[in-house]
Amino acid sequence: NILNNALSGAGTILLKVDGNGGIVQFDGNFALDYKAFVLTVDGKCTYKGITAGGQAVLNVGKKTFQLEHGVISLTGGSGPIFNITDGEFGLSIQDSNQAEFTIGGKLTLPIPVTITVAGKLSTLGSFALTGTGTGTVAGFIFDPLELALNRSTTDAPVSLTFKGGIKHAVGTIKVTGTLNSD
């Protein structure tokens, strides 16, 4: 019964983003608060190579959503997946009536360096995330380390560009480079 908040269940919810066939897919358990016109989904949402797991809150009237404290996976090309923990993934509608996605959180790296990234995802699937962080590996101190994650289209490889200083007892080394996911 929708009048007593009893509209709930499990399944797939599709949110149409734009007139170009952009659809965010939510899978999991859902509950509708009909008074607030808000749908809460516990599970995952996917959009153009981005997968976010956690609890998403959709404002059905505004066609927006926000997922906080989730795990986000970024894919592109045929390479490995980049993961973001304590992540945020959301959709808002700007004054120009254009959809705008935001992504942020802590980038998971194979070394103990903490990088917090944030940025935008276009409705065409490109994204640009930037961030800085610090860490220590085998006596080498990364401080600061700047990173950028970029993807030009949904199927393009993800590139990770980095620069910064590595400090050790003998001095500081400046490093720059790019890694691609393909």
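The preceding data block contains the structure.
These remarks concern the structure in this document. (Residues numbered from 1 in each chain as written. Predicted model: local features only at pLDDT ≥ 70, side-chain atom pairs only at ≥ 80, totals over all residues. Heavy atoms only, no water.)

Digging into the overall build of the protein
Consideration 1: Each helix and strand in the protein was counted, giving zero helices and 12 strands.
Consideration 2: Element order for the protein, N to C, with α for helix and β for strand: β-β-β-β-β-β-β-β-β-β-β-β.
Consideration 3: Taking the principal axes of its C-alpha atoms as reference, the protein extends roughly 70 × 30 × 30 Å.
Consideration 4: Taking all 182 residues of the protein together, 37% fall into the buried category.
Consideration 5: Long-range pairs, those at least 24 residues apart, make up 32% of the contacts in the protein between residues at least 6 apart in sequence.
Consideration 6: For the protein, the accessible surface area stands at approximately 9600 Å², while carbon and sulfur atoms represent 55% of it.
Consideration 7: Looking at the protein, you have 12 positive and 13 negative side-chain charges, and the mean spots of the two groups are 2 Å apart. (Helix = DSSP H or I, 4+ residues; strand = E, 2+ residues; numbered from the N terminus. Buried < 20%, exposed > 50% of the residue type's maximum accessible area, 1.4 Å probe, protein only. Contact = heavy atoms within 4.5 Å. Areas by Shrake-Rupley, 256 points an atom, 1.4 Å probe, with all protein chains shown as cover. Lys, Arg positive; Asp, Glu negative; His and termini not counted. Charge placed at Lys NZ, Arg CZ, Asp CG, Glu CD.)

Here's the deal with the side chain of arginine 151
Consideration 1: Structurally, arginine 151 is set in strand E10 (residues 140–151).
Consideration 2: A polar atom in the side chain of arginine 151 sits 2.6 Å from the backbone oxygen of glycine 125.
Consideration 3: Residues in contact with arginine 151, not counting those within four places in the same chain, are Lys48, Gly49, Ile50, Thr75, Gly76, Leu121, Gly125, Ser126, Phe127, Ala156, Pro157 and Val158. (Polar contact = N/O pair within 3.5 Å; in protein donor to acceptor, adjacent residues only side chain to side chain.)

A short note on the packing of aromatic side chains
Consideration 1: One pass over the structure, following the stated rule, counts five aromatic pairs.
Consideration 2: Ring centres of phenylalanine 65 and phenylalanine 89 lie 5.4 Å apart, and the angle between their planes is 70°; on these two criteria the pair is classed as edge-to-face. Of this pair, phenylalanine 65 sits in strand E5 (residues 64–74) while phenylalanine 89 sits in strand E6 (residues 82–93), and the two are 24 residues apart along the sequence. The same class applies to phenylalanine 65 and to phenylalanine 89, which are both buried.
Consideration 3: Judged by centre distance (5.7 Å) and plane angle (15°), the rings of phenylalanine 89 and phenylalanine 101 are stacked. (Phe/Tyr/Trp six-rings, centres within 6.5 Å; stacked < 30°, edge-to-face > 60°.)

So, the pairing of strand E12 (residues 171–180)
Consideration 1: Here strand E11 (residues 159–168) pairs with E12 via 10 bridges, running antiparallel. Within E12, the residue paired with serine 159 across the bridge is asparagine 180. (Pairing = 2+ DSSP bridges.)

Quick notes on the environment of aspartate 18
Consideration 1: For aspartate 18, the location among the structural elements is in the loop between strand E1 (8–16) and strand E2 (23–33).
Consideration 2: For the pair aspartate 18 and glutamine 98, spaced 80 residues apart in sequence, the C-alpha separation works out to 8.1 Å.

A look at the side chain of serine 159
Consideration 1: Positionally, serine 159 belongs in strand E11.
Consideration 2: Look at serine 159 and you get buried, because its relative accessible area is 16%.
Consideration 3: Apart from residues no more than four positions distant in its own chain, serine 159 is found in contact with Ala148, Leu149, Asn150, Thr178, Leu179 and Asn180.

Section: the sheet that holds strand E3 (residues 38–47)
Consideration 1: With antiparallel pairing, the 12 strands of this open sheet are ordered in space as E1-E2-E3-E4-E5-E6-E7-E8-E9-E10-E11-E12. Each edge of the sheet is formed by a strand with only one pairing partner; in this case those strands are E1 and E12. Averaged over neighbouring strand pairs, the angle between their axes works out to 15° when direction is ignored. (Axes fitted to C-alpha atoms, helices over the stretch in contact; angles between N-to-C directions.)

A closer look at unusual backbone geometry
Consideration 1: Cis geometry marks the peptide bond from aspartate 143 to proline 144, where omega comes out at -15°.
Consideration 2: Within the element layout of this structure, proline 144 appears in strand E10.
Consideration 3: Residues other than glycine seldom take positive phi values, yet lysine 48 does so here, at roughly 45°.
Consideration 4: Tracing the sequence through the fold places lysine 48 in the loop between E3 and strand E4 (50–59).

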